[in-house]
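Structural features, examined
Here is how the chains run, residue by residue.
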Amino acid sequence: MKVVVGTNEEISKLIAEEFIKQVQKKPNSVLGLATGTSPIEVYANMIKANKEGRVSFKDVATFNLDEYIGLEGTHDQSYRYFMNKYLFDGLDIDKARTHVLKGVGDYLAYANQYDALIASFGGIDLQILGIGSDGHIAFNEPGTPFDSLTHVAELTEQTIKDNSRLFNDISEVPTKAVTMGLKSIMNARKIVLIATGKNKAQAIYNLLKGPMTEEVPCSILQKHPDCTIYVDEDAYSLVK
Ligand code: F6R
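What counts, and where the lines are drawn
- Residues numbered from 1 in each chain as written.
- Predicted model: local features only at pLDDT ≥ 70, side-chain atom pairs only at ≥ 80, totals over all residues.
- Heavy atoms only, no water.
- Helix = DSSP H or I, 4+ residues; strand = E, 2+ residues; numbered from the N terminus.
- Buried < 20%, exposed > 50% of the residue type's maximum accessible area, 1.4 Å probe, protein only.
- Contact = heavy atoms within 4.5 Å.
- Areas by Shrake-Rupley, 256 points an atom, 1.4 Å probe, with all protein chains shown as cover.
- Near = heavy atom within 4 Å.
- Polar contact = N/O pair within 3.5 Å; in protein donor to acceptor, adjacent residues only side chain to side chain.
- Nonpolar A, V, L, I, M, F, W, Y, C, P; charged D, E, K, R; others polar.
- Phe/Tyr/Trp six-rings, centres within 6.5 Å; stacked < 30°, edge-to-face > 60°.
- Lys NZ or Arg CZ within 6 Å of the ring centre and 35° of its normal.
- Pairing = 2+ DSSP bridges.
- Axes fitted to C-alpha atoms, helices over the stretch in contact; angles between N-to-C directions.
- Parallel < 35°, antiparallel > 145°, perpendicular 65-115°, else oblique.
- Left-handed = near helix turned anticlockwise from the far one by under 90°.
- Core = buried A, V, L, I, M, F, W, Y, C linked by side-chain atoms within 4.5 Å.

Scanning the protein for helices and strands turns up 8 helices and 10 strands. Burial analysis of the protein (240 residues in total) assigns 55% to the buried set. Within the protein, contacts between residues separated by at least 24 positions form 78% of all contacts whose residues are at least 6 apart in sequence. When the accessible area of the protein is evaluated, it comes to approximately 10,500 Å², of which 50% is carbon and sulfur surface.

Written out as structure tokens, the structure reads:
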């Protein structure tokens, strides 16, 4: 794994450039996308490059990592809503080629075919990940099997607490999600992970220095052949 340390502004620009380069090289790239606070500035940089005419996303296909169970795509805390707001609405992308797991209706049937759907598009070329303070990637919480594909996951108390900052009240945070599995993520040809802030320091330490164990879901990335970890000084503080 490669590590790049910089301010949030610097690492967000660098990751956006990875996406831009990927799409310039292969206009019909398949991009793996994440929600959460971490990628917001990356997405803003991608929108800027698109508006400046440096890159077009019109032939790209995207697959998001996860979605809360119980939220409609129109709910302002759903991940479909987030993606439209922070990325898709700002790009020349074809929304029909953007895939986000469903949180209601036939969400289980859709989840069960998600990995096959990704494969039918040729697999993910470039995947962005955030990381939870407990070391989760997507909603793969500690104890998730390394060979997991897309599945239903129970959120841990820690994750519910972390994510409650975005809801009016902690009781509104869904307790379940559909998520790509660890094997689904490892299938991506190239992975970039972004983490900032002191509350990610332990997870980044475990990712870079700890043993590879299902108790630390992100540790599986140690065996990915092309994975770069982008961190700020705070997230890197325990490694240094
Ligand atoms: C979101 C996702 C989660 C987040 C993680 C960090 O699609 O898969 O694993 O990346 O919870 O969230 P933030 O960036 O809000 O700290």
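In the vicinity of the ligand, 13 residues are found, and the nearest of them are Ser38, Asp66, His136, Ala138 and Lys200. Contacts to the ligand include Thr37, whose backbone N or O atom sits 2.8 Å from an oxygen atom. Contact distances for the ligand include 2.9 Å between an oxygen atom and a side-chain N or O atom of Arg165. Protein coverage of the free-state accessible area of the ligand, which is 410 Å², stands at 93%. Broken down by class, the residue content of the shell around the ligand amounts to 4 nonpolar, 6 polar and 3 charged.

Overall, the coordinates contain 8 aromatic pairs when judged by the stated rule. With 5.4 Å between their ring centres and 75° between their planes, Phe63 and Phe121 make a pair best called edge-to-face. One end of the pair, Phe63, is in strand 3 (residues 61-64); the other, Phe121, is in the loop between helix 4 (107-120) and strand 6 (126-129), and 58 residues separate them in sequence. On the basis of an interplanar angle of 75° and a centroid distance of 5.8 Å, the ring pair of Tyr68 and Phe167 is categorised as edge-to-face. Taken together, the positions of Tyr68 in strand 4 (residues 66-68) and Phe167 in the loop between helix 5 (157-163) and strand 8 (176-179) put the pair 99 residues apart, joining distant regions of the chain. Accessibility classification places Tyr68 together with Phe167 in one group, the buried group. Taken together, the ring pairs in this structure connect Phe63, Tyr110, Tyr114 and Phe121 into an aromatic cluster. The ring of Tyr110 carries the charged tip of Lys102 above its face, separated from the ring centre by 5.1 Å.

Here we come to the sheet that holds strand 4. What the 3 strands build is an open sheet, ordered 4-8-7; its pairing is antiparallel. Edge positions in the sheet fall to strand 4 and strand 7 (151-154), since each has one partner strand and no second. Direction aside, the axes of adjacent strands within the sheet are offset by 30° on average. Both strand 4 and strand 8 contribute to a ladder of 3 bridges, which runs antiparallel. Pairing of Glu67 across the sheet is with Val178, part of strand 8.

Attention shifts here to the packing of helix 1 (residues 8-25) against helix 2 (residues 40-51). A pair of packed helices can be characterised by two numbers: the angle between their axes and the separation between those axes. At a minimum axis separation of 8 Å, helix 1 and helix 2 run at an interaxial angle of 50°. On the basis of their axis angle, the class for helix 1 and helix 2 is oblique. Considering only the axes of helix 1 and helix 2, their crossing is right-handed. On helix 2, the residues touching Asn8, Glu9, Ser12, Lys13, Ile15, Ala16, Phe19 and Ile20 of helix 1 are Glu41, Val42, Asn45, Met46 and Ala49. Grouping the constituent residues of the contact of helix 1 with helix 2 by class yields 7 nonpolar, 3 polar and 3 charged.

The next thing to look at is the nonpolar core. Tyr43, Ile128, Ile137, Leu193 and Ile204 are the most contacted members of the largest nonpolar core, which totals 65 residues. Element by element, the count of residues in this core is highest for helix 1, at 6 residues. Residues contacting Leu193, with those up to four places away along its chain left out, are Leu129, Gly130, Ile131, Ile137, Ile204, Leu207, Leu221, Thr228, Ile229 and Tyr230. Residues Tyr68, Leu71, Val100 and Leu155 belong to the second largest nonpolar core, which totals 10 residues.

Along the polypeptide, Leu126 turns up in strand 6. Judged by its relative accessible area of 0%, Leu126 falls in the buried class.

Before going further, it helps to spend a moment on the side chain of Ser29. Its place among the elements puts Ser29 in the loop between helix 1 and strand 2 (30-33). With relative accessibility at 0%, the residue Ser29 sits in the buried group. At 2.9 Å, the side chain of Ser29 and the side chain of Gln22 are in polar contact. Beyond its immediate sequence surroundings of up to four residues, Ser29 is in contact with Gln22, Val23, Val60, Ala61 and Asp125.

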